[in-house]
Structures are given as structure tokens and as C-alpha cells.
Amino acid sequence: WDNADFSRGTGTTFYQEFLTLNSEKPPFIRDVEAKVRRYLRSSYSAAWTLKITWEKAPAYAARSDSRRTNTYQAVLTTDGFRSYVLILYQDGGMRWDYTQLPAANVLIGYT
């Protein structure tokens, strides 16, 4: 729920789409399916998945300190009937210095 600021040339965003209907599933998709099965205790076979990665993202407003960046992902996946999103953070969680952010009420999550 906070803004990343790529205006100073630090960090990048990229995505990868996986169409897995009628094809052999790569290890990443098998891992996503295993996570959904484990967390929801149900069967799941992905037909489509989108992985979005924010790599070395600095917090808004970007400061010159590029050591306080975050790498995180949103993984959207569906079997055509049910859809899920996984929010994955690098080891160590959020690394932005919340005391330096414009807003004092910092949360990790999505709406």
C-alpha cells in the first residue's frame, strides 16, 4: 500500500505470463500450484498465471540511499473457475525505512 518510486533510475518492474493449459508446466507453476494446494487444502491446477516482479524498488519519494530497496512479486493464477493472488516478498520482508516515508501509517498488503 505504499508507492515505489522508479524516477531516479533505480529498480525495475517486469512480468511473465504462463499459459499452462495443454502444456508441460514449468517448475515455477508447479510451485505456485503447490502453494495454493497447501494454503487452501484443495486441489488446484493452473490454466494461466501472471508473475509481476518489482526488483530493487525504492520507496516514494526516492532518496539517494539505494540500499533500502525491496524486491517483491504478485502472482495471479487461475484454473478458469477460481482465481488466486500470491504476494511474495524477499527474505527479510519490507526493507524501506518507514520512518523516512511521507505517511506514518505503513502497511504491507493489497486491496
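Figured I'd write up the structure that's included with this text. (Residues numbered from 1 in each chain as written. Predicted model: local features only at pLDDT ≥ 70, side-chain atom pairs only at ≥ 80, totals over all residues. Heavy atoms only, no water.)

This next bit is on the sheet that holds strand S4 (residues 83–89). In spatial order, the strands read S1-S2-S3-S4; together these four strands make up an open sheet with antiparallel pairing. Since the sheet does not close on itself, it has two edges, and those belong to strand S1 (12–19) and S4, each with one partner. Adjacent strand axes in the sheet meet at a mean angle of 10°, parallel and antiparallel pairs treated alike. Across the sheet, helix H1 (residues 27–40) is in contact with S1, strand S2 (48–57), strand S3 (70–78) and S4; its angle to S4 comes to roughly 105°. (Pairing = 2+ DSSP bridges. Helix = DSSP H or I, 4+ residues; strand = E, 2+ residues; numbered from the N terminus. Axes fitted to C-alpha atoms, helices over the stretch in contact; angles between N-to-C directions. Contact = heavy atoms within 4.5 Å.)

Quick look at the pattern of salt bridges now. This structure, assessed with the given rule, holds four salt bridges. One salt bridge connects Asp 31 with Lys 35, and the closest N-O pair in it is separated by 2.8 Å. Residue Asp 31 and its partner Lys 35 are located together in helix H1, separated by four residues, close to a single helical turn. Between Glu 33 and Arg 37 there is a salt bridge, with the nearest N and O atoms lying 3.8 Å from each other. Here the residue Glu 33 and the residue Arg 37 both occupy positions in helix H1, the gap between them amounting to four residues, near one helical turn. Exposure remark for Arg 37: the relative accessible area of 37% places this residue in the partly exposed category. Connected through salt bridges with shared partners, the residues Lys 25, Glu 33 and Arg 37 form a single ionic network. (Salt bridge = Lys/Arg side-chain N within 4 Å of Asp/Glu carboxyl O. Buried < 20%, exposed > 50% of the residue type's maximum accessible area, 1.4 Å probe, protein only.)

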